[in-house]
Amino acid sequence: TATTEIYTLSLHDALPICKHPHSREVGVEDEFSFNNSFTNRLYRIKINNIQLKESKEEKNSTHQRVQQDRQVQIDAAVVRIMKTRRTLQHNQLVAELYKQLKFPMTPQDIKKRIESLIERDYLERAEDSPGTYNYLA
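Residues numbered from 1 in each chain as written. Predicted model: local features only at pLDDT ≥ 70, side-chain atom pairs only at ≥ 80, totals over all residues. Heavy atoms only, no water.

J.: Quick question: what am I supposed to make of the overall build of the protein here?
T.: A count of helical and extended segments in the protein gives four helices and five strands. Its helices and strands taken in sequence order, the protein reads α-β-β-α-β-α-α-β-β from the N to the C terminus. Counting all 137 residues of the protein, 28% fall into the buried class. Counting only contacts in the protein whose residues sit at least 6 apart along the sequence, the fraction spanning at least 24 positions is 38%. For the protein, the accessible surface area stands at approximately 10,800 Å², while carbon and sulfur atoms represent 51% of it. (Helix = DSSP H or I, 4+ residues; strand = E, 2+ residues; numbered from the N terminus. Buried < 20%, exposed > 50% of the residue type's maximum accessible area, 1.4 Å probe, protein only. Contact = heavy atoms within 4.5 Å. Areas by Shrake-Rupley, 256 points an atom, 1.4 Å probe, with all protein chains shown as cover.)

In structure tokens:
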């Protein structure tokens with residue numbers, strides 16, 4: 001942990017960090033300060049990065065933001081594909097999406113995004129066959 005990292009840097013007087021009071025145990029009231037008299041060109045200090053644990057709320061909010069970003073990417077890819085092809089069957093559109101997008105997605109996610117684009121008048125279902133989409137705009 002952070003306290004053990006700092007403590008190891010303060011074990012001797014010739015190190016860059018001083019601990020007050022001088023003792024082997026690290027307490028809550030202990031203070032650490034920078035040793036201004038420390039100079040050594042050959043001494044290197046490596047301080048490990050401390051990985052903070054994410055709380056459940058942070059994980060959920062991160063997951064929601066990732067999902068929103070992915071929805072936008074799916075929408076953009078569908079519009080890009082349909083703009084070039086004008087008319088495409090559902091299976092061909094899904095296959096093309098899997099080629100272009102590299103993150104994991106389910107067919108339900110794709111279907112929701114296609115329905116959303118139909119509601120927003122970017123796409124329409126072909127009148128003669130329900131599994132075919134036409135690009136509008």
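J.: What is the right way to read a negative patch on the surface from this model?
T.: Taken together, the side chains of D121, E124, E127 and D128 present a region of like negative charge at the surface. Looking at the element boundaries, D128 is found in the loop between β4 (123-125) and β5 (132-135). (Patch = residues over 30% accessible without salt bridge, like charges linked within 9 Å, V, L, I, M, F, W, Y side chains within 5 Å. Salt bridge = Lys/Arg side-chain N within 4 Å of Asp/Glu carboxyl O. Lys, Arg positive; Asp, Glu negative; His and termini not counted. Charge placed at Lys NZ, Arg CZ, Asp CG, Glu CD.)

J.: Please explain helix α2 (residues 56-85) as it appears in this structure.
T.: Residues that lie three or four places apart on an α-helix share one face, since the helix turns once every 3.6 residues. Taking 1.5 Å of rise per residue, 30 residues should cover 44 Å, and α2 covers 43 Å from first to last C-alpha, within 8% of that figure. On its buried face, α2 sits against β3 (87-89), α3 (90-100), α4 (107-119), β4 and β5. (Expected span 1.5 Å × (residues − 1).)

J.: Looking at this structure, how should I read the sheet that holds β4?
T.: Whether parallel or antiparallel, the strands of a sheet pair through hydrogen bonds between backbone atoms. The antiparallel open sheet is built from three strands, whose spatial order is β3-β5-β4. Both outer strands of the open sheet, β3 and β4, are each paired with one neighbouring strand and no more. Each strand axis lies, on average, 30 degrees off the axis of its neighbour in the sheet, ignoring direction. One ladder, built from three bridges, connects β4 with β5; its direction is antiparallel. What sits directly across from E124, in β5, is N134. In this fold α3 packs onto β3 and β5, with an angle of close to 90 degrees to the strand it touches most, β3. (Pairing = 2+ DSSP bridges. Axes fitted to C-alpha atoms, helices over the stretch in contact; angles between N-to-C directions.)

J.: Would you take a moment to explain the pairing of β5 for this structure?
T.: Regular strands show a simple pattern: their side chains alternate between the two faces of the sheet. Burial along β5 is two-sided: the face carrying T132 and N134 and the face carrying Y133 and Y135 are both buried. With three bridges connecting them, β3 and β5 associate as antiparallel partners. For L88, the partnering residue across the bridge sits in β5 and is Y133. Hairpin connection of β4 to β5: six residues between the antiparallel strands.

J.: Just checking my understanding: could you explain unusual backbone geometry for this structure?
T.: For residues besides glycine, phi is generally negative; the peptide bonds are generally trans as well. Of note in this structure, R86 is not a glycine but carries a positive phi near 70 degrees. Within the secondary structure, R86 is located in the loop between α2 and β3. Using a relative accessible area of 44% as the deciding quantity, one classes R86 as partly exposed. Residues other than glycine seldom take positive phi values, yet D121 does so here, at roughly 65 degrees. Inspection of the secondary structure assignment puts D121 in the loop between α4 and β4. Owing to a relative accessible area of 54%, D121 belongs among the exposed residues under this scheme.

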